[in-house]
Structures are given as C-alpha cells and as structure tokens.
Amino acid sequence: RFSSNVYSCFVMAPHAVILRNMEASLTARDRVGIQDFVLLDAYTSESAFLDNLRKRFHENLIYTYIGTLLVSVNPYKELDIYSKKQMDTYMGVNFFELPPHIYALADNVFRTMLTEFNNHFILISGESGAGKTEASKKILQFYAVSCPSTKLLNNVRDRLLLSNPVLEAFGNAKTLKNDNSSRFGKYMDIQFDHQGGAVGGHILSYLLEKSRVVHQNHGERNFHIFYQLVEGGEDELLRWLGLQRNCQLYSYLVQGDCAKVSSVNDKSDWRTVQKALSVVDFSENDIEHLFGIIASVLHLGNVKFGADPRGYAILNNNPEMHWLSKGCTDTLANNQYKLRSALESDLFTPFTVDHAVYARDALAKAIYGRTFNWLVNKINESLANKDSSRKTVIGLLDIYGFEVFHVNSFEQFCINYCNEKLQQLFIQLTLKSEQEEYEMEGIEWEPVPYFNNKIICDLVEEKHRGIISVLDEECLRPGEATDLTFLEKMEEKMGGHPHFVTHKLADQKTRKTLERGDFRLLHYAGEVTYCVVGFLDKNNDLLYRNVKEVSVMRQSKNSIIKHCFPSTEPDSKKRPETVVTQFKSSLVGLTEILMSKEPWYVRCIKPNEGKQPGRFDDVLVRHQVKYLGLMEHLRVRRAGFAYRRRYEIFLQRYKPLCPDTWPNWKGTAAEGVQRLIKHLGYKPNEYKMGRTKIFIRHPRTLFATEDAFEVCKHELGGSCSEHLAVIETCWRGLMARKERERRAWAVKVIKKFIKGFMTRNQPACVDNSEYLAFVRQNYLSRLKDNLPKTLLDKNNWLTPPPIMQETSGVLGVGKKSKLIYLYNLQLKLLTSSMFKGKKENYPFSVCRPFLDTRISEDDINVKVLQMIQHERIKYSVPVVKYDRNGFRPRLRQLIFTQAAAYLVEEAKIKQRIDYSSLKGVSVSNLSDNFLILHVTCDDIKQKGDLVLQCDYLFEALTKLSLVTSKQSCIKVVQGSVRFDIQPGREGFVDFKSGQESMVYRAKNGHLMVVSMEFKKYVHFSWQFQ
Ligand SMILES: Nc1ncnc2c1ncn2[C@@H]1O[C@H](COP(=O)(O)OP(=O)(O)OP(=O)(O)O)[C@@H](O)[C@H]1O
Ligand SMILES: [Mg+2]
C-alpha cells in the first residue's frame, strides 16, 4: 500500500539511536513476539494473546506490557535478570526504551512519584503460585538498591526487607498450589522523603486463613512457623516449651500428611526468622511470649476429650493441660481448673465431645489470628516514621487472585468478592486516565465497550439487599438459622438476578451442574459455584459464644495474649461485626487508600500446575488470562487507539517515507506528520491528530508504516553509493568556500589587532576600541584565575596593563573587603562571559553589586525552611511567576539550594526542580528581566517549565550557574521562546521592544513581553541610577 520511494540519500540522525531503542519492540516483533500487547492487531482474540505470551515465555521473556500494565509469567526457574547490573540498567531509563521488566515498572513508579510529589500503588494479582509475592519482593529489593542511602535509611531498608520473612513464616504455608503460599492479603506502604530515601513503611493485612491452624487438606501444611519451631528451635527452647523435635507428634501439624517438604528448609528459615525478629525490634520478652503462643497452639491441638456417661465432654489426664496453664509463661491461663472448665462447657451448658473439639479449635484459631494481627502491628511500630514532614508513598498490594476450586466455600466467596472490588477500581481508574489523555489532546471521547462489573459488586454488597446482608441477617437473627435457610433467603431476594443462580432457580440444563446446597455467581472472570455449608459458622466468630474461654485468656500472664484479649472487649451481648462485614469494611478502607493514589498493575500468571520450568499449559493460561481480566484491560486500552506518539518522534522516524518531509521538514511537526500520513494514504478513521500526539487506531496501520520504513532503509542503503560521489564533490566545494571566508575574516581581525596595538596609548577611538576591550577582558579573566587565596597574600597581585591600573587599584583597596571584592569580581566575570554583548540591559547590571541573597532566611516561611534547609540554601530572590495557563502574574520566592531550585509561595513549595532535571534557561536578548526555566518532563502529570520575571536577573542567573555548574545551559535567544506548559502542551513567550515595557497575553495565546527600546532604556537607566 505504501510507495517505497527512493530518495537521494538516507542518513540516520544521531537521535535516531534513541528512537531505535524506543521502538525496538516494533522491529523485534516477529522473533520474540510483541512486547506490548497494545500493539497486537487481533486484540480481541484470546488465542493471539496466548500465542504472543507463549512465544515470549519459551524465549525466557517472562514480562510483557499492556501499556503500563506488566504481565509476568512465573518461569519456575532462576533467571539471570535480577542482578545488581540489571537493576542499574533499568534505573532512570525511559519505560519503553528497554525490554519489559518488573524493574522498569518499579523505577517508573519511583521516578514519577519523585517528580510529581504524589502517591502511587502497585497492585499485584494472580492466582496462587503465579509469583505475586516474588514480584513484590523484587520491587522491594529494587528500591533497597536504587534509593539513596544513609546509615539511618539503611536501617529502615533492612526492616522493610526483613519484615517479609517474619510475615511469611507466620502467614505463609505449603499448599497444593504453592510451597510458599501467602494465606493473607497484604498491602504495604513504603514511605519516601522528597529525595527518594525510604524512610518508613506500614503494612495492612487482610483475611488470614485461620482455619489452616486446625485443619489442612491432604498434601498441605500448617503455617511455616510451627514446623520451623519444632525443626529449628534450640533444644533448650523446646524443652522449656514442652515440645519435642518431631512434627508427627502434633495433631495440628500432620493432618495434611506432609510435614516435610523438599523445597522448604525449616531449619535455615528458623534462623532467618530469628535474625529478622531482632532487626524488626522484637524484644527478648516479645520473642519468648510469641513462641510460648505457638507452642501452646500445638499443645491445644493435642488436647483430647473423653465422654462422661451422659455424653458430655470431659478432659482426661491430658499432659498438654500442664503446658497450657503451667507452662513457661502461663500462656493460655494461670489457672488449670478454669481453662479445663472453659474447654468443657460454656457459661450454662456442658459441651458434647464434638462441641468441645469445636470450641478448642475455635480457641486455637482465635489465638493464632489475633497473634498474627499483633505481629503486624508490632512490625508497623518498627517501620513507623515519626517525622511529620511530608512524605510520598508507594503501596504494594500482594493480594489473592480469583480462586475457583472444585469446592468453593466462604473463603473463596470473600476472596472473589475482593477481586470484583479491585476490578471495579481498575475500571474506574483506567477509564479515567484514558479520558483525561483524550481531553488533554482535544480528542473526542468515545465510549468504551467493556463489561462493568458493578452489577456483581452490588449483588454481593448492597445494603439490605446484597448477599452479605442476607448472610449477616441469618447469622444474627434469633431462631434456628442454618446454611440452608441462608440459601433460601438468598433465593427469595436474589431470584432472577442475571448473575445469581441456585439449584432451585436454575433451568433444567444448568440444574444438572448444581448440588442442592450450592449457589453460583457469574463473576466478571467467570462462573464460580459455592457450597453453602459452613458459611454461617465461618461468618460468626464462634469464640464469642464461649465467654468463659475469653475471660480465661484475659488472665494470661503472656503479654501478647493479654493484649489480644483486652478486658474492654465487647461481651456476648454486644456482638462484634461478623467476619464478612469486617472484611467488607476493610475492603472499603483499602479502596479508599487506593483511590487516592496513582495505580500501576502487575498481573502474574502461572504457566502450569506442576511448578515446572519451560511448560506452558495453554488451557491453564487461557483461563487465567480470562479471569485476570487481561482481555478486558487490553480492550479498555485499545478501545480508542492502539498507539500514540508525539509528533516530533513520529516524524523523525518516518520522514524518509515522504518526499515532502525528507530530508528536512520546515514547518511544525504536526503539519509534517499530516503531510506524511496523507502521502502514506492513512484513511480518516485510522488516526486522529491530537494537540501534541498522533493517535493511531490499529496496529496494522503502524506496522505497515514500519514495514515500509524497513524497505525504504534498505533501498536507500543500496542506492547510496551512486550518489555518494556527487555528494562528496558538493561537500568539498562547500568546505573550500567556507575556508576561504574564514581566512578573509582572520586577515581582517589581525589587521585590526595590529592597528589597535599601535594606537593603544591614544584616547579611545574607533581604531583601538576593540583592542582595549580585549586587553581589559583578558586582564580581568587572567586575574580571575590568579587571584590571591588569602588576605595576606599581597604580592601575588597580577600586574595590570596601563589602562587597567585604576581598576586594579580599586580592587586592591581595603584589606578586609578585598576578598569580597574579588569574589564579586569573579561573579561579575562569570556574568560577563554569559551576557556581555548578548543581552541589551547587561551593561547596566555591571555597576550593581551582587548580594549574598535577596531574601533573608527570616523571611522564608519556617515550614519551607524545615523542608529544604538540609539541602543548604544558597540564594533566594523574589520573583514574579507567570501562570502557564492564562499567564497571570504571581509573587513568589525563588530559592536555590545545593540540590534544587524551589518556587515557594508562603508555606508551600509550588515546584521543585532538581538540577539534574533542569534542561536549560532561556532569556531574551532585549532589556526585559524574564527568564524561562526548562525542565525535563516525560509525564503529563508533571509540572512544566517556569516563566519568571526577576529584578535581579543577572545576579540570580549567575548564582544559578554557579550552584548548578551548568553555565552552558543558559541561552540568550531572540524573538520567541517555546516552553512546555506540561509534557505534550507547548506555550510561547514572544519578546519585542517598544515604547514602554508591557507584559500581556496576546491574541494568539502567547505571552507578549515588550521591553523598552534600547535607546530609551539607556536614558531611563542612567536617570534611574
Ligand atoms: N520471577 C520468578 N523467578 C523465579 N521463580 C519464581 C518467580 N516468581 C515466582 N517464582 C517461583 O514460584 C513460586 C511461587 O511464587 P509466589 O510465592 O510469589 O506465588 P504467589 O502468587 O505469591 O502465590 P500465593 O497466592 O499462593 O501466595 C516461588 O516460590 C518461586 O519458586
Ligand atoms: Mg504469595
């Protein structure tokens, strides 16, 4: 479709190297698949999606993007992609310049946070064993290495890193799906100061799977810590806790019949946890009490009940009772009789044996669950940052993905509800950001066809009508409520809902797939059938039925147990919230936390059920692609346009494809792109022109352009040699003519110099003016490099030429002020080298002495001082800042520290410009006092360039060039200055001279700065001075 014209030559521009990297994904697409799914032409096809994922997986390319979302496939083998060298490679590099990587995402989040001063979160989801926890650890490790470090910060960093093994020991377990499965949801905030140092953290945990303490399915284990203690605990510790080094002896450890796992080393993990506990600030007392509890839970599991003649439970001579009550720290009670009684009966009725076992297990679960919460709080105390200065945050959410088992129960219901909520959040946030970009680019918003799962969220959580309300009602109402009455109530209320079905409500065909006690929800990710059995019990916290147990716990001497069972706890009349309602509230809290932050996503995929490297199970992956909502995500990203690029970048790459744009396009980049795509024959519905970017709807359009570009490159290469000779001849001629002009100019200069030398002692005249100026400047500049270092160093003063004698004398006057003069002189020389002969009003600044600063620290707001003082303030000056939109003038303070320039309004820092991101400073050649600070900004949310007016322009710019050592970045320009209002939006300041100074917004939207004509300005300035 594209004409592959051959033009006279093809030379790759130097910055094409960068483009080549940026667009690497386009050229490499056949070999390693597409590294961004957004460029997949058949974006609605699951098979195409899968093909790409598989292709990359077999090349060990486990990461692929969907825009800025990262898809990660668990390789189940160590890849050499997480080294320090890799981290360095990804640090500070543009997102699309290197192959997809979790470090690229982590780095991008970090840098966006620093430049925009806002909060972010990374949501990591995927099914059990897909690699969520590993991904979150990789991100944490990346920050640990890439963030600025000091001794103090290293301390925080170690705590953040070591909180992981502690939480994993207590919250992870071997399951059938994963040998180190997290059995709780985790949200971790990492707090950064404004320089990017990690200064603190906070962890929230969600819904620990407590039932695992008392029961494990075949092939699964209890939480790691139990095995670590039994296997790794020192002999003396075990003796003290009444434990033996044999997991088989503990009923709570052997239900899954797999206490030993080859991939887990309990002994060495025990040592890691011990070390971590001490780093995370656990006292010896805490550690002693903590393991007292773990041991007690094991003993509790071994408590056995007999039956008296009436069938009631009685505790026989259980040796465990000794360790539970009289044990090392009186962990569960200090009175054996009371504990016995609590395990055998509640306030009024004795238990049957079954009931007693049930109560025992409920107690074990409650103790472990509450201890886990205590542990999280304790870690939080150690991670807390007490400094009240403003911090920015990156949150890591490692949360359970959608779960579909053969039999799904209350836990899966909660987990899947959580995923519905997160999908809702994702839809809201993604659509919002797409819409914002369209608006910014002036492109009409097109409705996106996607499935909104709000209807399912409502089905579950709606007040008085949702499943949670019905469940709670059944749990709390008097009378005989059972799991089946709960099912019936649901059928009454939800009958007819398109996403809800039960055996009774189903049509004949569906009915065959449902048991009588089942209900099925049509989640956004697919159908899940839940077995209603156990819903009521699990939703009730059974422990509260047995007030006696709780009151015994309160009397414990174990400080953790005491803390976990406070005496202020509501009694049985005031029931605490049910489990599902607590979970719902915690999700509402989580949604609020996340909504206030910028989202990033990592979706993890498990390639096979066997934990094997190199095996890609299509059915399994297809299923996950579906329920992780990846196709939905892609559809939302692709709903509008697959590809978007700034006009300059697009034109730079593809301009050889059109004779009008090759080799150089004289007009604006947008016009160039318009011409180019017209030549290429883009159809109107295939693209849209935004304010700063071209939007291309289908990848095939882009790929066709790219293919034409490849062909063009080769053809140009082939025909080049023929043209080279012609070009060479022309080039040589041009060079020769230039050389001739240069020589003629040199002769003129030398003649003038000689004439100047001969007339140097005459009064100033046309013949010697330039020569004398040269002598003056030469002397001052040599003086600058040879100044005496101390006040006493009198003899080293450079001998002046006759015309500089007076100046030299003035500089030499006054012993004390001499160095100050010298310093001032140095600064003045610097100013001269930057502005002399370039800016009209420079000569009038020469006689105005420079001061150390124009704003004393007393006049800077204390809050601002507190925030930036540690960077050492070098210079401050009042400025007028012109708003980027509308150009309204505002009075501000401009402060230069060692590290950054700050624009300050009272107590607020309006903008921080790190010197590393200061691209340049523009001033006009006229007599105005405007300066424009150009900053690097890759992101639309970042603030753009600053347009300022400063009465002490020369002084301020000299100080700036001194503190940044970037003298060369100050440019004197004529006519007009282009600046970035924000990335992707440009503005202009036009300079001209007129009868009087004026600043106003011109009709064309530019800021017009009129400065006084030079002659008038000279007159005015001398009068003024
Ligand atoms: N990037 C990776 N490189 C090598 N191995 C990995 C990687 N990611 C995961 N794995 C392997 O997969 C196992 C399971 O990963 P992980 O514990 O992170 O899963 P998860 O998604 O957190 O599961 P769960 O929901 O059960 O907690 C790890 O123990 C590790 O062996
Ligand atoms: Mg995990």
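Residues numbered from 1 in each chain as written. Chains lettered and ligands numbered in written order. Predicted model: local features only at pLDDT ≥ 70, side-chain atom pairs only at ≥ 80, totals over all residues. Heavy atoms only, no water.

Undergrad: How would you sum up the overall build of the protein chain? Please name residues and give values.
TA: Secondary structure assignment for the protein chain yields 35 helices and 29 strands. Per-residue burial over the protein chain gives 53% buried out of 1025 residues. Put simply, 65% of the contacts in the protein chain that link residues at least 6 apart link residues at least 24 apart. Accessible area for the protein chain stands at about 48200 Å²; split by element, carbon and sulfur atoms hold 53% of it. (Helix = DSSP H or I, 4+ residues; strand = E, 2+ residues; numbered from the N terminus. Buried < 20%, exposed > 50% of the residue type's maximum accessible area, 1.4 Å probe, protein only. Contact = heavy atoms within 4.5 Å. Areas by Shrake-Rupley, 256 points an atom, 1.4 Å probe, with all protein chains shown as cover.)

Undergrad: Describe the coordination of the magnesium ion (ligand 2), with residues and values.
TA: Within the protein, the magnesium ion (ligand 2) binds to T133 (OG1) and S182 (OG); these donor distances fall in the range 1.9 to 2.1 Å. Remark: S182 occurs in strand β5 (residues 181-182) and T133 occurs in helix α7 (residues 132-146); sequence separation between them is 49 residues. (Donors = N, O, S within 2.8 Å, 3.2 Å for Na, K, Ca; no water.)

Undergrad: Can you break down the site of ligand 1 residue by residue, with the values?
TA: Taken together, the neighbourhood of ligand 1 is formed by 17 residues, with S128, K132, T133, S181 and S182 sitting nearest. Y82 is positioned with one of its side-chain polar atoms (N or O) 3.0 Å from a nitrogen atom of ligand 1. A distance of 2.6 Å separates an oxygen atom of ligand 1 from a polar side-chain atom of K132. Within the residue set of the shell around ligand 1, elements represented by two or more residues are α7 and β5. Residues of the shell around ligand 1, tallied by class, amount to 4 nonpolar, 9 polar and 4 charged. (Near = heavy atom within 4 Å. Polar contact = N/O pair within 3.5 Å; in protein donor to acceptor, adjacent residues only side chain to side chain. Nonpolar A, V, L, I, M, F, W, Y, C, P; charged D, E, K, R; others polar.)

Undergrad: Can you tell me about the sheet that holds strand β3 (residues 120-126), naming the residues and giving the values?
TA: One open sheet accounts for 7 strands, arranged β1-β2-β14-β3-β10-β6-β7; its pairing is mixed. Either end of the sheet is taken by a strand with one partner, and the two such strands are β1 (63-66) and β7 (198-206). Across the sheet, the axes of successive neighbouring strands diverge by a mean angle of 20°, strand direction being ignored. Here β1 runs beside strand β2 (residues 69-73); their pairing, made up of 4 bridges, is antiparallel. (Pairing = 2+ DSSP bridges. Axes fitted to C-alpha atoms, helices over the stretch in contact; angles between N-to-C directions.)

Undergrad: Can you explain the nonpolar core? Please cite residues and give values.
TA: Grouped together as the largest cluster of nonpolar side chains are 106 residues, with contacts concentrated most on I122, Y143, F170, F226 and F291. A total of 12 residues in this core trace back to one element, the largest contributor, which is helix α15 (residues 353-383). Residues in contact with F226, not counting those within four places in the same chain, are V213, L253, I294, V297, L298 and Y368. If you look at the next biggest cluster of nonpolar residues, it comprises 94 residues, including L50, I456, V673 and L680. (Core = buried A, V, L, I, M, F, W, Y, C linked by side-chain atoms within 4.5 Å.)

Undergrad: Would you mind going over the UniProt feature "binding site: ATP" (unreviewed entry) in the protein chain in detail, with residue names and values included?
TA: In the numbering used here, UniProt assigns the "binding site: ATP" (unreviewed entry) feature to G126, E127, S128, G129, A130, G131, K132 and T133. Residue placement: A130 occurs in the loop between β3 and α7. Residue A130 is classed as buried on the basis of its relative accessible area, which comes to 1%. A130 has contacts with N74, C604, I605 and K606, leaving out every residue within four places of it along the chain. Topologically, G131 is positioned in the loop between β3 and α7. Leave out the neighbours within four places in its chain, and G131 touches N74 and C604. (UniProt positions renumbered as here; feature names shortened; annotations may be inferred.)

Undergrad: Give a detailed account of the environment of N558, specifying residues and quantitative values.
TA: Inspection of the secondary structure puts N558 in the loop between α22 (547-554) and α23 (559-564). Residues N558 and I293, 265 residues apart in the sequence, show an inter-C-alpha distance of 8.3 Å. A polar contact is formed between the side chain of N558 and the backbone oxygen of H289, at a distance of 3.1 Å.

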